[in-house]
Amino acid sequence: MTLPRVNRDQPDPDQTAHLSRWLREWELLQALAPDTPPRASHTPLALAGAADPNPVQAGDIRLLHPAIEPNGVRYVAVLCQQRGGDFLVAPFGLLSEPATQDEVTTGRTTPALRVLCAWNRFEMCRDDLQRSWLADRLNDEECHTLLTPMVTATATGAATWPADRTGPPLRHPLDPRWGYLEMESEFRQRACRPTRHGVVYDIGAGELRKAAETRTPYGTPADEDEDGDEDRSTPHA
Amino acid sequence: MALSLQLVWMTDRRMTPWTEWKERCAARLCSPASRAALQSFGGQRFRTLAQRCMNTINISDVSLVTLSDPDAWHLLEVHMTLPDAIHGKAYKEWLFARTAGSPDAPFDVVQGGATLLMRSAVREHLRREHLPATHVSANQPPTQITTAPCCEEWLPGPLDTRDTVEHRELQSLAAQHADRLFAALPRRLKMTLAARACQLPLSTPDLLELAGCQCSTLHGAYREFAERVFDELRECYRGDDRDTVSDLAVEVFNDLTQRCGTWAENDNALQDILQSAGRQDGGGATV
């Protein structure tokens, strides 16, 4: 069997150089990875110190509280507020080179704020962001060039930026960048794990009895099961 | 709680340099004893961490990359500070907030956090100041010969747009191979590919519970399967152009991944896991 011959142009030297630089940084990151991951905080976030007094708003650059991300200093850009009141945030990358076409350089020189990871954006509740520290704000130009494509892309999929500001495409299943995406997805799961949010009970309002409501007679099996010991002295109706 | 923590900090004398540093701007503004303690910590951590990177840079002797204690600590402070920011030293708040609720001594928690910060500083320093291990220099030969990364295979040039017919033919052939492979794909591998298609980490507890194995098993299965697809197609098209075979293999793998994503939508247990992950991430994540 013979394959159809598909011709390819030469690889873009800029992209190849870019990937080489990224791979080098990834190698250093792996060499320096802790042997055991840091222990997560046992304190619920609501009790973990005073909240940042600055109200959360789009354009904020916030440093996540260690109860949210114990593995290192991690900044997120607040993109916009969602209908439910939560905020959509995009994390800044660990590495100084964008890994894929869905990561973009910010133009900032500070190592922790050089790359914004659009693909890894997620929702955070206001309380979690309020407990995280406001470190800086994106300026108008940054909001326009970095945030707008992400906010408008939320419904349709990937945001787009000029090729010279993003990473090379990711196609090959054995490309090591999959490992990086996996690691960063784990960070996203840690940062938006539902246990820190308020507990939501799966009970409709109609199913909840008020304190003064008449109860079923003593001895009814259903009543015993539901109420336990505390209502045993309730007089018969 | 903040008061009790401060009490612990005050009673543990080892915390003195750290609390002093937190209150003052930088180590150079601290008392000589505190400054020396912080700088000694910085220097020691820098050396230990740099040692771990010796096989990734083109220098084999750690003494050639080592900084003095004051410089190592200064590197940490400069690396972590956001210049001209509203709160450029928020990282100090992060460092000390880690002590709340921790069963460990605050001193150990703060030092552990500072070591995490130093990792990032060392990585940036080595990246900026030193060449990779594969770089050959007359003055400093590489520490070990490593295989050059397969950049060309991972990042092929763009398709010649005049070859659309041939490309379609290749995609059609890929679909045939994907049909055959998908039919024989074990459930666990389908779950793995579906998770990748949806950006769900393979370490997701619900996914592992459903798969009935450890995360490393899923990673191993993914890698092994990808290699098998490439090897099989290379064997099948032995006389053909290697790059075209590689293109075909990538197409086959992507086709399979998409099929597994669709398959997962009809699998009740897996659908729940993928949907719950989708609810958390804002639903806009694609690569």
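First things first, this report covers the structure right here in the doc. By convention here, each chain's residues receive numbers from 1 onward along its written sequence. Going through the entries in the order they are written, you letter the chains from A and number the ligands from 1. Local features in a predicted model are, by the rule used here, given only for residues with pLDDT of at least 70; side-chain atom pairs are given and counted only at 80 or more, and totals for whole chains, interfaces and linings are based on all residues. Remark: hydrogens and water are excluded; side-chain values derive from all non-hydrogen atoms of the structure.

### A word on the interface of chain B and chain A
The interface is formed by 86 residues belonging to chain B together with 85 residues belonging to chain A. Buried area counts how much accessible surface, traced with a 1.4 Å probe, disappears from two parts once they are put together, with both parts' losses summed. Between chain B and chain A, the buried area comes to about 7400 Å², and carbon and sulfur atoms account for 61% of it. The three residues of chain B that bury the most area against chain A are Arg123, Trp154 and Leu155 of chain B, which together make up 11% of that side's buried surface. When a carboxyl oxygen of Asp or Glu is within 4 Å of a side-chain nitrogen of Lys or Arg, the pair counts as a salt bridge. The tally of links from chain B across to chain A stands at 4 salt bridges. For Glu182 of chain A, the salt bridge identified is with Arg196 of chain B, shortest N-O distance 3.6 Å. We call two N or O atoms a polar contact when they sit within 3.5 Å, provided that within protein one can donate a hydrogen and the other can accept it, with sequence-adjacent residues counted only if both atoms are side-chain atoms. There are 20 residue pairs in polar contact (both at pLDDT 80 or more) connecting chain B and chain A. Split by residue class, the side of chain B that touches chain A holds 43 nonpolar, 21 polar and 22 charged. Contact criterion: two residues are considered in contact whenever any of their non-hydrogen atoms come within 4.5 Å of each other. Classification convention: Asp, Glu, Lys, Arg as charged; Ala, Val, Leu, Ile, Met, Phe, Trp, Tyr, Cys, Pro as nonpolar; all other residues, Gly among them, as polar.

### Brief notes about the pattern of salt bridges
Under the definition given, this model contains 27 salt bridges over all chains. Ionic pairing is found between Arg21 of chain A and Glu97 of chain A, a salt bridge with its closest N-O pair at 2.8 Å. With Arg21 of chain A in helix 1 (residues 13–31) and Glu97 of chain A in the loop between strand 3 (87–91) and strand 4 (103–105), this pair connects stretches of sequence that are 76 residues apart. Each residue's exposure class comes from its accessible area (1.4 Å probe, protein chains only) as a fraction of the maximum for that residue type: buried when under 20%, exposed when over 50%, partly exposed otherwise. Among the residues examined, Glu97 of chain A registers a relative accessible area of 11% and is labelled buried. For Arg114 of chain A, the salt bridge is made with Glu124 of chain B, and the minimal N-O distance between the two is 2.8 Å. Within this pair, whereas Arg114 of chain A is found in the loop between strand 4 and strand 5 (115–117), its partner Glu124 of chain B is found in helix 6 (residues 106–129), the two belonging to separate chains. Glu124 of chain B matches Arg114 of chain A in its accessibility class, with the two residues each being buried. Beyond isolated ion pairs, a larger network of salt bridges with shared partners links Glu25 and Arg114 of chain A together with Arg123, Glu124, Arg127, Arg128 and Glu129 of chain B. Under the scheme used here, helices are H or I runs from DSSP no shorter than 4 residues and strands are E runs no shorter than 2 residues, and both carry numbers assigned from the N terminus.

### Notes on the environment of Asn254 of chain B
Residues and elements named next belong to chain B. Here Asn254 shows up in helix 12 (residues 242–265). In this structure Asn254 comes out as partly exposed when scored by relative accessible area, which is 31%. Expressed as a C-alpha distance, the spacing of Asn254 and Ala175, which sit 79 residues apart in the sequence, is 9.8 Å.

### Concerning the packing of aromatic side chains
Any Phe, Tyr or Trp ring, taking Trp's six-membered ring, that has another such ring centre within 6.5 Å forms a pair; planes under 30 degrees apart are called stacked, those over 60 apart edge-to-face, and the others tilted. Counted under the stated rule, the structure contains 12 aromatic pairs over all chains. Residues Trp22 of chain A and Tyr180 of chain A carry aromatic rings whose centres are separated by 5.4 Å and whose planes lie at 80 degrees to one another, so their mutual orientation is edge-to-face. With a gap of 158 residues between them, Trp22 of chain A in helix 1 and Tyr180 of chain A in helix 4 (residues 177–191) connect regions that are remote in the sequence. Here the two residues Trp22 of chain A and Tyr180 of chain A agree in accessibility, since each one is buried. Between Trp18 of chain B and Trp73 of chain B, the aromatic rings sit 5.7 Å apart at their centres with planes inclined by 65 degrees, giving edge-to-face as the arrangement. On the criterion of sequence distance, the pair formed by Trp18 of chain B in helix 2 (residues 16–23) and Trp73 of chain B in helix 4 (residues 69–80) is long-range, its members being 55 residues apart. Like Trp18 of chain B, the residue Trp73 of chain B is buried in the burial classification. Put simply, the rings of Trp18, Trp21, Phe41, Trp73 and Tyr91 of chain B pair up and form one aromatic cluster. Only when the NZ atom of a Lys or the CZ atom of an Arg is both within 6 Å of the ring centre and within 35 degrees of the ring normal do we say a charge sits over the ring. Here the basic side chain of Lys92 of chain B rests over the ring of Trp21 of chain B, its NZ or CZ set 4.4 Å away from the ring centre. When the ring centre of Phe182 of chain B is taken as reference, the NZ or CZ atom of Lys190 of chain B above it lies at 4.6 Å.

### Focus: the nonpolar core
By convention a nonpolar core is built from buried Ala, Val, Leu, Ile, Met, Phe, Trp, Tyr and Cys residues, the set being connected through side-chain atoms within 4.5 Å. Formed by 65 residues in total, the largest nonpolar core has its most connected members in Tyr75, Leu116 and Met150 of chain A together with Trp18, Trp21 and Leu95 of chain B. Here the element with the most residues in this core is helix 6 of chain B; it accounts for 9 residues. With near-sequence residues (within four places) excluded, Leu116 of chain A lies in contact with Ala77, Ala90, Pro91, Phe92, Asp102, Glu103, Val104, Thr106, Leu146, Leu147 and Met150 of chain A. Of all hydrophobic cores here, the second largest spans 58 residues; its members include Ala174, Leu233, Leu256 and Leu270 of chain B.

### Some remarks on the pairing of strand 3 of chain A
Residues and elements named next belong to chain A. Most of strand 3 is tucked away: 5 of the 5 residues are buried. Neither face of strand 3 is open: one carries Phe87, Val89 and Pro91, the other Leu88 and Ala90, and all of them are buried. Across 5 bridges, the pairing between strand 2 (residues 75–81) and strand 3 is antiparallel. Counted as the bridge partner of Cys80 is Leu88 from strand 3. Following DSSP output, two strands are said to pair if at least two bridges run between them. Taking the residues between adjacent antiparallel strands as the criterion, strand 2 and strand 3 are bridged by 5 residues, where Gly85 takes a positive phi near 105 degrees. As judged from the 3 bridges shared by strand 3 and strand 6 (residues 122–124), these two strands associate in the antiparallel manner.

### Digging into unusual backbone geometry
Residue and element names in this part refer to chain B. Here the phi dihedral of Asp84 falls at roughly 60 degrees; this positive angle occurs in a residue that is not glycine. When you line up the elements, Asp84 lands in the loop between helix 4 and helix 5 (90–97). The exposed category is assigned to Asp84, whose relative accessible area is 79%.

### Let's talk about the sheet that holds strand 2 of chain A
Sheet strands pair by backbone hydrogen bonding; their relative direction is either parallel or antiparallel. Within the open sheet, the 5 strands sit side by side as 6-3-2-1-7 (chain A). Their pairing is antiparallel. Looking along the sheet, the strands with just one partner apiece sit at the ends: strand 6 and strand 7 (133–137) of chain A. For this sheet, the mean angle separating the axes of adjacent strands, direction not counted, is 40 degrees. Sheet topology places strand 1 (residues 60–63) of chain A next to strand 7 of chain A; 4 bridges connect them, and they run antiparallel. Bridged to Arg62 of chain A within strand 7 of chain A is Leu134 of chain A. Only the contacting stretch of a helix is used when fitting its axis, a line to C-alpha atoms as for every element, and angles between N-to-C directions run 0 to 180 degrees. Together, strand 1 and strand 7 of chain A form the strand contacts of helix 5 of chain B, whose direction differs from that of strand 7 of chain A by roughly 160 degrees.

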